[in-house]
Amino acid sequence: MNYARIAGTGSYLPEKILTNADLEQLIDTTADWIVERTGVEERHIAAPDETTCDLAERASRRALDAAGLDPGDIDLIILGTTTPDHIFPSVATQLQHRLGCYGGPAFDVQAVCTGFVYAMDIANRFIRTQAAKRALVVGADTFTRIINWKDRGTCILFGDGAGAVVLEAAEEPGIIDSRLGADGRYKELLWVPAGVSSGYEQTRQDAAFVEMRGSEVFKVAVTTLKEIAEQILIANRMTVADVDWVIPHQANRRILAATAKRLGLPEERMVDCVRTHGNTSAASVPLALDVAVRDGRIQRGDTLLLEGFGGGFTWGAVLAKY
Ligand code: ACO
């Protein structure tokens, strides 16, 4: 049986940092309120001429270096994003062109903050069915481009970034299991009302920006992140005690803390980059994974649980041996 293993990870954050003190100048808020309610102290913002593909390329090259591979070794690219450079073509095809590894399939996945976890699940299935040998799996977003900087309930949360993983075929796991889900009834709790087909010329000027009912999102996020962790562990006859590191979507410190508590997981075993990254949407899970790999917390042989949750709602979990 073919499995997929993580051969290398990489990430990239734009240079510009927006602090809570900077936000105090923009909106009616305080740094203390933001830290207390969200855990975010600063976030990175893409330069005006820096696109999602630019961020994705930098993260991908770092993941390829970590794996000791060349772009030519990659035969599949899947990229999770909500903020593509263009309506089409996909960021994945443009990333393929930048890397110069032509011919294999390359496509974007739209599952908002769960985009990377969806992409990992799909890439795992390609490798397990021997349709691909080495996949580049990316989560990249310039989410701040769709933020209303006058809306203090959302602009405090988000940042830009990219994370990437090289998955390759292996005799042993690697990825033990992955599960995805969605429930479209929650559309209006977290969404951007404007769009290609429904039209940009909406009555409200701010329709092209993220709208969120924060406290309702909070409740569903905590419940779902707990449930998907339990489901995948039970299905694989494991418990939280068997997991070395949980790498959840970096939505908000309080969501992470509440999820850890409900799972009975010591918070030290949950990778938390909320303070310096904010919520980077599809980039948040691979960014946190790469940070913990590079600072030596995550070691080869460790058991990892990756969890995503995002607009739709969508959700997903990946259980893997690193
Ligand atoms: N500064 C000061 N006051 C604020 C701010 C701010 N930045 N934002 C809101 N407030 C005020 C509100 O206006 C409200 O005032 P009121 O009582 O006078 O009406 C008060 O604070 C409480 O507002 P709530 O929305 O109830 O505050 P809450 O404690 O729920 O915190 C927050 C808001 C931080 C947005 C929280 O709901 C949250 O984190 N929700 C989850 C959001 C999230 O993580 N979304 C993404 C996850 S999924 C994904 O990534 C796609």
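Residues numbered from 1 in each chain as written. Predicted model: local features only at pLDDT ≥ 70, side-chain atom pairs only at ≥ 80, totals over all residues. Heavy atoms only, no water.

> What am I meant to see in the site of the ligand here?
Taken together, 25 residues are adjacent to the ligand, and T29, R37, H249, N252 and N279 come closest. A distance of 2.3 Å separates an oxygen atom of the ligand from a polar atom in the side chain of N252. The separation between an oxygen atom of the ligand and a polar side-chain atom of N279 is 2.7 Å. Isolated, the ligand exposes 1000 Å² of accessible area, and the fraction of that covered by the protein chains is 72%. For the shell around the ligand, the elements supplying multiple residues, two or more each, are α2 (31-38), α6 (214-235), α7 (253-263) and β12 (303-310). Of the residues forming the shell around the ligand, the biggest block, four residues, is contributed by α6. Of the residues belonging to the shell around the ligand, the class tally is 11 nonpolar, 10 polar and four charged. (Near = heavy atom within 4 Å. Polar contact = N/O pair within 3.5 Å; in protein donor to acceptor, adjacent residues only side chain to side chain. Areas by Shrake-Rupley, 256 points an atom, 1.4 Å probe, with all protein chains shown as cover. Helix = DSSP H or I, 4+ residues; strand = E, 2+ residues; numbered from the N terminus. Nonpolar A, V, L, I, M, F, W, Y, C, P; charged D, E, K, R; others polar.)

> I keep staring at the nonpolar core and nothing clicks. Help me out?
One broad trend across soluble globular proteins is that nonpolar side chains are buried collectively. Within the largest apolar cluster, 44 residues are counted, with the highest numbers of intra-cluster contacts made by F143, I156, L233, L265, L305, F309 and F313. Looking at this core, the elements that each hand over two or more residues are α6, α7, β12 and β13 (314-321). No other element matches α6, which puts nine residues into this core. Residue assignment places this core across two domains, with domain 1 (3-172) and domain 2 (177-321) each supplying three or more. In this view, L305 contacts A229, I232, V243, W245, V246, I247, A317, V318 and L319; residues no more than four positions away in its chain are not counted. (Core = buried A, V, L, I, M, F, W, Y, C linked by side-chain atoms within 4.5 Å. Buried < 20%, exposed > 50% of the residue type's maximum accessible area, 1.4 Å probe, protein only. Domains from an automatic or database assignment. Contact = heavy atoms within 4.5 Å.)

> Can you walk me through a nonpolar patch on the surface in this structure?
Residues I87, F88, V196 and Y200 make up a contiguous nonpolar surface patch of about 520 Å² in total accessible area. On the accessibility criterion, V196 (56% relative accessible area) is exposed. (Patch = residues over 30% accessible without salt bridge, like charges linked within 9 Å, V, L, I, M, F, W, Y side chains within 5 Å. Salt bridge = Lys/Arg side-chain N within 4 Å of Asp/Glu carboxyl O.)

> Please explain the packing of α6 against α7 as it appears in this structure.
The relative placement of two packed helices comes down to the angle between their axes together with the axis-to-axis distance. Contact geometry for α6 and α7: axes closest at 9 Å, N-to-C directions at 40°. Here α7 runs oblique to α6, going by the angle between their axes. Of the two possible hands of crossing, α6 and α7 adopt the one that is right-handed. Together, F218, A221, V222, T223, L225, K226, A229 and E230 of α6 and R254, I255, A258, T259, R262 and L263 of α7 make up the contact between the two elements. Counted by class, the contact of α6 with α7 contains eight nonpolar, two polar and four charged residues. (Axes fitted to C-alpha atoms, helices over the stretch in contact; angles between N-to-C directions. Parallel < 35°, antiparallel > 145°, perpendicular 65-115°, else oblique. Left-handed = near helix turned anticlockwise from the far one by under 90°.)

> Can you help me understand the side chain of S11 in this one?
Inspection of the secondary structure puts S11 in strand β1 (residues 3-12). What makes S11 buried here is its relative accessible area of 9%. Looking at S11, its side chain comes within polar contact range of the side chain of D290, at 2.6 Å. If near-sequence neighbours (up to four positions away) are discounted, S11 is found in contact with A59, R62, A162, G163, L287 and D290.

> Sorry if this is basic, but what is going on with the pattern of salt bridges here?
Opposite charge on two side chains lets them pair, provided their charged atoms get close. Within the structure shown, the criterion is met by 15 salt bridges. Among the ionic pairs, R152 bridges to D28, the shortest N-O distance being 3.7 Å. Taken together, the residues R152 in the loop between β6 (134-141) and β7 (161-170) and D28 in the loop between α1 (20-26) and α2 connect sequence positions 124 residues apart. One salt bridge connects D177 with R179, and the closest N-O pair in it is separated by 2.8 Å. The exposure class of R179 is partly exposed, given its relative accessible area of 39%. Here the salt bridges do not stand alone but share partners, grouping D54, E57, R61 and R98 into one network.

> What is the right way to read unusual backbone geometry from this model?
The step from P173 to G174 runs through a cis peptide bond, and the omega angle for that step is 15°. Note on placement: G174 falls in the loop between β7 and β8 (175-182). Residues G312 and F313 are joined by a peptide bond in cis, for which omega reads 0°. For F313, the position within the fold is in the loop between β12 and β13. Unlike most non-glycine residues, V112 shows phi in positive territory, near 50°. Note on placement: V112 falls in the loop between β5 (106-109) and α5 (115-128).

> Before we go on, may I ask you to explain the domain arrangement of the chain in this structure?
Buried accessible area, meaning the area lost when the parts come together, often serves as the stated size of an interface. As far as domains go, the chain holds domain 1 (3-172) and domain 2 (177-321). The centre of domain 1, based on its C-alpha atoms, is set 14 Å off from the matching centre of domain 2. Domain 1 puts 55 residues into the contact, and the matching count from domain 2 is 47 residues. Interface area lost by domain 1 to domain 2 is led by C113, V117 and Y118, which between them contribute 16%. (Buried area = accessible area lost by both parts, 1.4 Å probe.)

> Hey, could you run me through the environment of Y118 in this one?
Among the secondary structure elements, Y118 is positioned in helix α5. Y118 has contacts with V109, A111, L180, G181, A182, T314 and W315, leaving out every residue within four places of it along the chain.

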